[in-house]
Amino acid sequence: AQSVTQPDIHITVSEGASLELRCNYSYGATPYLFWYVQSPGQGLQLLLKYFSGDTLVQGIKGFEAEFKRSQSSFNLRKPSVHWSDAAEYFCAVGVLAAGNKLTFGGGTRVLVKP
Amino acid sequence: DTEVTQTPKHLVMGMTNKKSLKCEQHMGHRAMYWYKQKAKKPPELMFVYSYEKLSINESVPSRFSPECPNSSLLNLHLHALQPEDSALYLCASSPSVQETQYFGPGTRLLVL
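Residues numbered from 1 in each chain as written. Chains lettered and ligands numbered in written order. Predicted model: local features only at pLDDT ≥ 70, side-chain atom pairs only at ≥ 80, totals over all residues. Heavy atoms only, no water.

**A few points about the environment of Glu15(A)**
All names here are of chain A.
Point 1. Considering the arrangement of structural elements, one finds Glu15 in the loop between strand 2 (10-14) and strand 3 (19-21).
Point 2. For Glu15, a relative accessible area of 37% corresponds to the partly exposed category.
Point 3. Measuring from C-alpha to C-alpha, the distance between Glu15 and His82 comes to 5.4 Å, with 67 residues separating the pair along the chain.
Point 4. Among residues more than four places away in sequence, those in contact with Glu15 are Val81, His82, Trp83, Val112, Lys113 and Pro114.
Point 5. Separated by 3.2 Å, the side chain of Glu15 and the backbone nitrogen of Trp83 make a polar contact. (Helix = DSSP H or I, 4+ residues; strand = E, 2+ residues; numbered from the N terminus. Buried < 20%, exposed > 50% of the residue type's maximum accessible area, 1.4 Å probe, protein only. Contact = heavy atoms within 4.5 Å. Polar contact = N/O pair within 3.5 Å; in protein donor to acceptor, adjacent residues only side chain to side chain.)

**Examining the pattern of salt bridges**
Residues and elements named next belong to chain A.
Point 1. Within this structure, the stated rule accounts for 10 salt bridges over all chains.
Point 2. With a shortest N-O distance of 3.0 Å, Glu88 and Arg109 are connected by a salt bridge. Residue Glu88 is found in strand 10 (residues 87-95), and its partner Arg109 is found in strand 12 (residues 108-113); the two are separated by 21 residues along the sequence.
Point 3. Classification of Glu88 by relative accessible area gives buried; the value is 12%.
Point 4. Overlapping salt bridges, with partners in common, bring together Glu64, Glu66 and Arg77 in one network. (Salt bridge = Lys/Arg side-chain N within 4 Å of Asp/Glu carboxyl O.)

Structure, rendered in structure tokens:
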């Protein structure tokens, strides 16, 4: 069965600094990978996705992620964080053979210092 | 219209009540999903509908009863819930089951 690990439960970053969130997955075939962001009490917003092709994926709000098959990773990055980026970030792997079941990592809460 | 809407935003119910959650999308998507999210946890899949037919039930207790009356609407009927069922219930849709899921804002449910 597939699984997703986000090693960092909390990350605190200063506004204007760079951000990297780690995601490792376990899946027997090529995965479909996603990053979602959730503000407190809200639903999930899709930041970006990887299905195939270029391993560096650009998303909304200035985020990007890189798929590294050799490391089973799909890390999310942003060069300069804004206070509005404070939220919970979830990495997910999609298993299309199982009806597009999404398995989520545990999430990383990002706090932004002024 | 490019969003998934959910009503109500908040719901408080007793353990003997019957209530329903509603999810609607007008993007022409043919797959719809229910997720349950407990506090400080990731979402967990409950049900998947594809072309208005239930395709996945993740062993959810029968006190949760999904319904897909048409391609735009997804309901979750609730009956005899337990306090541990209190959570954020998220609906999502995708063009088909092989494509990206888009989430609604959720219904926050409290069972007393």
